[in-house]
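# A closer look at the structure
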2 protein chains.
Amino acid sequence: MSVQAASSGAFSPKLSGTFAAMLPALQGQTIAVVGHARPDGDCIGSQVGLARILQALGHTVVCANADPVPRLLQFLTVGIPFLKADEVPPEAVAIFVDCADHARPGEKMKARFPRPFANIDHHLSNHGYAEHNFLDTSASATCEILASLAFDNSLPIDPVAAQALYTGIVTDTGQFRFSSTSRNTFLLAAALVAKGAQPSAVGLELYERESPGKLKLLQRFLASLQMECGGRVCLGLLPLGIFAETGTQAEDTEGLVDYARSIDGVEVGVLIEEREGGIKASLRGKDPAYRLDQIAARFNGGGHACAAGLNLKGVTTEIFRARLIAALSDQITAVNLAKAKN
Amino acid sequence: MSVQAASSGAFSPKLSGTFAAMLPALQGQTIAVVGHARPDGDCIGSQVGLARILQALGHTVVCANADPVPRLLQFLTVGIPFLKADEVPPEAVAIFVDCADHARPGEKMKARFPRPFANIDHHLSNHGYAEHNFLDTSASATCEILASLAFDNSLPIDPVAAQALYTGIVTDTGQFRFSSTSRNTFLLAAALVAKGAQPSAVGLELYERESPGKLKLLQRFLASLQMECGGRVCLGLLPLGIFAETGTQAEDTEGLVDYARSIDGVEVGVLIEEREGGIKASLRGKDPAYRLDQIAARFNGGGHACAAGLNLKGVTTEIFRARLIAALSDQITAVNLAKAKN
């Protein structure tokens, strides 16, 4: 039976060799697997997957996050301690996963680990801030990189690790439909199922355990949708106080912005969350040509070409909205002009 | 490079051998690939996939359906004629795909093809009504069977055929999350991507071409949700006139009921559509133990254990709602008692 990515027999030949060469340096170490603030499926999946693999290799392992594990992802964390920065054992060396930059896990974590031992990530903007950097921007998820490293090096993947890595791939590909979904993504999913990942159980946990409040939040978001830029941009707003009103939390906004993008003709979907003294915005595009990471960067944000975000203080919703629409309008016009020329 | 399902090198060794043995009998024939009434993604995907493979083998091929190809699936049908039963060339032999029984394509089609040449399907209730029957109830989709047959026999799969077969797998697995999703499903997805299927393009066509009206309909449905049976049943209502009001059609209700089911603790989601002089209802369950087909049958409806529906004339919404809740309450109590005993 063979599930192989290429004739070389490896999913990620270059990174996997370097990873194997790094492992001896970890011998006997306590390891903190560090994820980013407001962790998502790929973050928690990467943390649990890597933590369990390292546990099976004999390491003492903890996971560390600034924010708690979201309710819908807690099914993955059995047997793995998730700690705050100041709870991490002093001797631990850190492996950062799914963290585009050194500060993504929060300033406390950055200060706690001024030079992380390793950094495993698939974000475009990750320039490598650790001693050992495993970066692959072609991977659909950090979990895809980790699964590749594990299979290529025949590391021990138990059913929960398989489930965790599978979960990260599912969430970061939008259920296998973002443009990063490749042949390798499916081969790895198949290999993870062979190791005990259960697609239907993951689907139930992720998509069939919504709170009534989350559906109220969705309802309010849908009611707020407005078209801009001649129907190319669809923008929705969550006003201040809506979490209390609907009995939800910030993590319940996950996935809302996809509804704004899902409309025929819309190129960019936007979610604006009003915060005390500022705003948070998420941008989702259908075509990487619009480079939403560049748009977000104009507002001190970042991300991927099709999925970016930002936090801004000291700005009103009205002013931000106008500036964002102007930036998107410029970008869309420029891209469409360039497309028309080719 | 190898993408293989088993050490035998075949995805479906038994069916594939029989399929290869059948092909010579089709030599020189005009073929009608027949799908079912109200076709879905697996039906159209199977028809287009098989039609293109047979075209590449030199056959004249048409597709035949009682109902038109839905808007969101028309991206697959370029270059393939989709005809009504009475438009099919008289000399054509028929291959039925995704049709659980002989009458699923409609009575006209059944009369036109009293003994189909072949029948390729994954439904449990298919007992084989054709000369050659290719049935595999473990397959997640009829497209999974067709892809297996094609890869195992090295039949020509062009990018559009790959896209079509991939589409059927995506839709019939609910984006790789129903319990039928297996390791083979992912291996075939990988193999189809290698043949030119584009997951992101399929995702865009299926899930990112919503009409603004459809989102309004969703918003209205979410606003109507009410819990019953102690939170085990969630019920939503589309009142008479809502299609005109939101600029939508009956086909836009597709998928709404899944939101009612998606809430944590809910076992059964219900959508009631008010119709002139009656109602239409859809039931979706998380656990086959609740046998929603039996509930629907009490109201002259039918379906599967987890997905059933019914149409009722001469009943008001209030009366039907009360009767349905009583029936669901009885069933849930009975099932829970039986579960408690075991």
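Residues numbered from 1 in each chain as written. Chains lettered and ligands numbered in written order. Predicted model: local features only at pLDDT ≥ 70, side-chain atom pairs only at ≥ 80, totals over all residues. Heavy atoms only, no water.

## Here we look at the pattern of salt bridges
Evaluated as defined, the whole model comprises 27 salt bridges over all chains. Of the charged contacts, one joins B:Asp86 and B:Lys108 as a salt bridge, the two residues approaching to 4.0 Å between their closest N and O atoms. Taken together, the residues span a long stretch of sequence, with B:Asp86 in the loop between strand E3 (82–83) and strand E4 (93–97) and B:Lys108 in helix H3 (residues 107–112) at a distance of 22 residues. Judged on exposure class, the residue B:Asp86 and its partner B:Lys108 are both exposed. We note a salt bridge from B:Asp287 to B:Lys339, for which the minimum N-O separation is 2.7 Å. Here B:Asp287, found in the loop between strand E10 (278–285) and helix H11 (292–297), pairs with B:Lys339, found in helix H12 (residues 317–341); they are 52 residues apart in sequence, far enough to count as distant. Take B:Asp287: its relative accessible area is 21%, and that puts it in the partly exposed class. Three or more residues are tied together by salt bridges with common partners; here these are A:Arg71, A:Glu205, A:Arg209 and B:Asp264. (Salt bridge = Lys/Arg side-chain N within 4 Å of Asp/Glu carboxyl O. Helix = DSSP H or I, 4+ residues; strand = E, 2+ residues; numbered from the N terminus. Buried < 20%, exposed > 50% of the residue type's maximum accessible area, 1.4 Å probe, protein only.)

## Structural notes on the domain arrangement of chain A
Residue and element names in this part refer to chain A. As far as domains go, chain A holds domain 1 (13–207) and domain 2 (213–341). Listed per partner, the contact involves 9 residues of domain 1 and 11 residues of domain 2. Both faces combined, the contact of domain 1 with domain 2 buries some 760 Å², and carbon together with sulfur accounts for 45% of it. By the criterion of area lost to domain 2, the three top residues of domain 1 are Arg38, Leu124 and Phe178, representing 53% of everything that side buries. The interface formed by domain 1 and domain 2 contains 3 residue pairs in polar contact (both at pLDDT 80 or more). Residue composition of the side of domain 1 that touches domain 2, grouped by class: 3 nonpolar, 3 polar and 3 charged. (Domains from an automatic or database assignment. Contact = heavy atoms within 4.5 Å. Buried area = accessible area lost by both parts, 1.4 Å probe. Polar contact = N/O pair within 3.5 Å; in protein donor to acceptor, adjacent residues only side chain to side chain. Nonpolar A, V, L, I, M, F, W, Y, C, P; charged D, E, K, R; others polar.)

## Some words on the relation of the copies chain A and chain B
In the superposition of chain A on chain B (RMSD 1.9 Å, axial shift 0.3 Å), the rotation amounts to 179°. The operation mapping one copy onto its partner corresponds to a two-fold rotation axis. Interface overlap between copies is the fraction of interface residues in one copy that are interface residues in the other; for chain A against chain B it reaches 98%, indicating a shared surface. (Least-squares fit on C-alpha atoms with pLDDT ≥ 70 in both.)

## Points about the side chain of A:Gln47
Residues and elements named next belong to chain A. Position of Gln47 relative to the elements: it lies in helix H2 (residues 41–56). Overall, the relative accessible area of 0% leaves Gln47 in the buried class. A polar side-chain atom of Gln47 sits 3.4 Å from the main-chain carbonyl oxygen of Ala64. Residues contacting Gln47, with those up to four places away along its chain left out, are Val33, Val34, Gly35, Cys63, Ala64, Asn65, Phe82 and Val97.

## Remarks on the packing of aromatic side chains
Applying the stated criterion to the full structure yields 21 aromatic pairs over all chains. An angle of 90° between the planes, with centres 6.4 Å apart, marks the rings of A:Phe96 and A:Phe113 as edge-to-face. Taken together, the residues A:Phe96 in strand E4 (residues 93–97) and A:Phe113 in the loop between helix H3 (107–112) and strand E5 (118–121) connect sequence positions 17 residues apart. Overall, the relative accessible area of 5% leaves A:Phe113 in the buried class. Measuring from centroid to centroid gives 6.2 Å for B:Tyr166 and B:Phe176, while their planes differ by 50°, and the two rings are tilted. On the criterion of sequence distance, the pair formed by B:Tyr166 in helix H5 (residues 159–172) and B:Phe176 in the loop between H5 and helix H6 (183–194) is long-range, its members being 10 residues apart. Residue classification places B:Tyr166 among the buried residues on the basis of a relative accessible area of 1%. Among the aromatic residues, ring-to-ring pairing joins A:Tyr166, A:Phe176, A:Phe186, B:Tyr166, B:Phe176 and B:Phe186 into one connected group. (Phe/Tyr/Trp six-rings, centres within 6.5 Å; stacked < 30°, edge-to-face > 60°.)

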